[in-house]
Amino acid sequence: MITCLLAAYQVAVGINGLENVPTIAYTIAFGVLLVAGLLIIILGIEVLNSRIVVMVSSIIPLSLSLGLIWEHFAFLRLPYLIFAIVAYLTIIITRSITIPVKVSTIILAIVHGVAGLVVFLLPSIFSAQGKANPGFALVGLGGALIGLGGLLLYFLRTGRPIVSSETIMRILPALLLLMTIAFVAGFTLA
Amino acid sequence: MRIVNLIRTKVSSYIPLIKSMQTSLLLSTGLAGYMSAHTHLELNMLFGLVGSLFLAISGSTILNMWYDCDIDTVMNRTHNRPLAMGTVTKQEALWLGVILSLAGVGWALVINRLYCLVVFAGLFFDVIVYTIWLKRRTSWSIVWGGISGGMPILAGRVLAIGQIDLVGLLLMMAVLFWIPTHILTFNMRYFSDYLTARVPTFPSVYGFEATRAIIALSAILAAASIGVAGVMIGVQAGVLRLMAVLSSGLLLLSFATVFRPSEQVNFSLFKYASIYMLASMILLSL
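In this convention, every chain numbers its residues from 1, walking through the sequence in written order. All chains are assigned letters beginning with A, and all ligands numbers beginning with 1, in the order in which they are written. Totals for whole chains, interfaces and linings use all residues, but because this is a predicted model, local features are given only for residues with pLDDT of at least 70 and pairs of side-chain atoms are given and counted only at 80 or more.

A. How the structure looks around the packing of helix 7 (residues 113-134) of chain B against helix 8 (residues 141-161) of chain B. Residues and elements named next belong to chain B. Running from amino to carboxyl end, helix 7 crosses helix 8 at an angle of 170°, the nearest separation of the two axes being 8 Å. One way to sum up the angle between helix 7 and helix 8 is to call them roughly antiparallel. When the axes of helix 7 and helix 8 are compared, the crossing they make is left-handed. Contacts from Leu 114, Tyr 115, Val 118, Val 119, Ala 121, Gly 122, Phe 125, Asp 126, Val 129, Tyr 130 and Leu 134 in helix 7 reach Ser 141, Trp 144, Gly 145, Ile 147, Ser 148, Met 151, Pro 152, Leu 154, Ala 155, Val 158 and Leu 159 in helix 8. Here the contact of helix 7 with helix 8 is composed, by residue class, of 17 nonpolar, four polar and one charged. Between N-to-C directions, angles cover 0 to 180 degrees, with each direction set by a line fitted to C-alpha atoms, over the stretch in contact for helices. A run of H or I in DSSP becomes a helix once it reaches four residues, and a run of E becomes a strand once it reaches two; helices and strands are each numbered from the N terminus. Every angle not falling under 35 degrees, over 145, or within 65 to 115 is termed oblique; those three ranges are roughly parallel, roughly antiparallel and roughly perpendicular. Crossing handedness follows the turn of the near helix against the far one: under a right angle anticlockwise gives a left-handed crossing, and clockwise gives a right-handed one. Contact between two residues is assigned when their C-beta atoms, built from the backbone, lie within 7 Å. Just so you know the grouping, Ala, Val, Leu, Ile, Met, Phe, Trp, Tyr, Cys and Pro go in nonpolar, Asp, Glu, Lys and Arg go in charged, and all remaining residues, Gly too, go in polar.

In structure tokens form, the structure reads like this:
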């Protein structure tokens, strides 16, 4: 519930005054978090076992990274926008048709790797270099947590968990909450 | 002491008659309709709105239950309601329903005549047109149930601005179109119950596929009505963004019921639709 409220706050208040593309990108990212949170409340954490979760959860790092790139690296705007769209379409296609699992996993790893690194590194480096408020580094922490959550979900889906599925199910709501707190605080302090 | 205990027992047996969740949701729409005008808040007016709407909605709900007692008795989902169980007699329920309805409409009349007319229309459409006349005859009765469900929000708006305007009608349409996403998913979930009670529903008359398509269509119309109303009210950009996000969730779940139907998706839509309506009402009030 707190995760949902924080995500709702970020959509309604936290991203005012930005350009159109970052506003849309952050709205999508936090909107997905909000709706996903509501569905978890309605259906229980077991809903994360669903096949569609991989497709939906990819939206969050991709949109966040797009928003960050658009705000801070003007020369990369168009290439990254194209990357984000193509990457997402590729994930949807590879998850919808029958192809070797290895291929779809590699694609997912590349996409999440790139987006995750942007969300983790960009705020961390900017904060360290003094280009942004130190609090902006919390967005990077959120990026790290989302990466951890993604890994846990991946292990859960593939049935090769490093910890038991029960433990993952217990950890994930807390992880989701911490991640949202980090993002909201990071963007507020930036 | 014995009298106090008797009153306490009676009151506690009457409470389930008003379907507190449903009444609260309708009451919240009435409040949202009032707050959407963003006029100067008058506490006595607000108190009158809440009190009169609560009485009228509770009264009509009890009258529904009184009339549908035979249906409740044969349905699994409702057979343990106070009237079906016999813990409250039909005569008691009838009197209670009539008294609360009259009190609600009477209070509304004291506050404002047009407001009273809208409150009365809601009660009339719900009890007479929907419950007594159409519910057992046609699955299309839901339209009239929807119109009566939209009356509290219109009433709230009317009380705030003193007239029926386009925004008020849009808000009413939003509730009207939202209701199928809630009720029709319910009809599918308890399909056999309704069949046993011989209450015609969209799934039993037109089939599940057509019902799912209607749910998706009504979700689009509900989201559009709320969105347009929000723009016309002049809600802030951030609030509009949040409404768009919540509407997207509603639309996605509605489309999921059409293209990937399952009991889980059906249940999610049913629950999400309630949260969506409550959240939208809060946002329109900001």
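B. Representation of the interface of chain A and chain B within the structure. Between chain A and chain B, the residue contacts involve 13 residues of the former and 12 residues of the latter. Where the side of chain A that touches chain B is concerned, the elements lending two or more residues are helix 1 (2-14) and helix 2 (20-43) of chain A. Considering each element in turn, the side of chain A that touches chain B owes the most residues, eight residues, to helix 2 of chain A. Among the residues making up the side of chain A that touches chain B, the classes are represented as 10 nonpolar, three polar and no charged.

C. Up close: the domain arrangement of chain B. Residue and element names in this part refer to chain B. The domain boundaries here were taken from an automatic or database domain assignment. According to the domain assignment, chain B contains domain 1 (1-162) and domain 2 (165-286). On a C-alpha basis, the centres of domain 1 and domain 2 stand 21 Å from each other. Tallying the contact residues gives 28 residues for domain 1 and 27 residues for domain 2. With 11 residues, the top contributor of residues to the side of domain 1 that touches domain 2 is helix 8. The residue makeup of the side of domain 1 that touches domain 2, split by class, is 13 nonpolar, 11 polar and four charged.

D. Molecular detail of unusual backbone geometry. Residue and element names in this part refer to chain B. Of note, the phi angle at Lys 19 is positive, near 45°, even though the residue is not glycine. Secondary-structure assignment places Lys 19 in the loop between helix 1 (2-14) and helix 2 (20-35). Even without being a glycine, Arg 198 presents a positive backbone phi close to 60°. Among the structural elements, Arg 198 can be located in the loop between helix 10 (191-196) and helix 11 (202-233).

E. Molecular detail of the nonpolar core. What makes a nonpolar core is a set of buried Ala, Val, Leu, Ile, Met, Phe, Trp, Tyr and Cys residues, with links drawn between C-beta atoms within 7 Å. Exposed residues have 12 or fewer other C-beta atoms within 10 Å of their own C-beta, buried residues have 20 or more, and partly exposed residues fall in between, where C-beta atoms are placed from the backbone. Formed by 138 residues in total, the largest nonpolar core has its most connected members in Ala29(A), Leu34(A), Val119(B) and Ala174(B). The element that contributes the greatest number of residues to this core is helix 9 (residues 166-189) of chain B, accounting for 14 residues. When residues are assigned to domains, this core turns out to be shared by domain 1 (1-162) and domain 2 (165-286) of chain B, each giving three or more.

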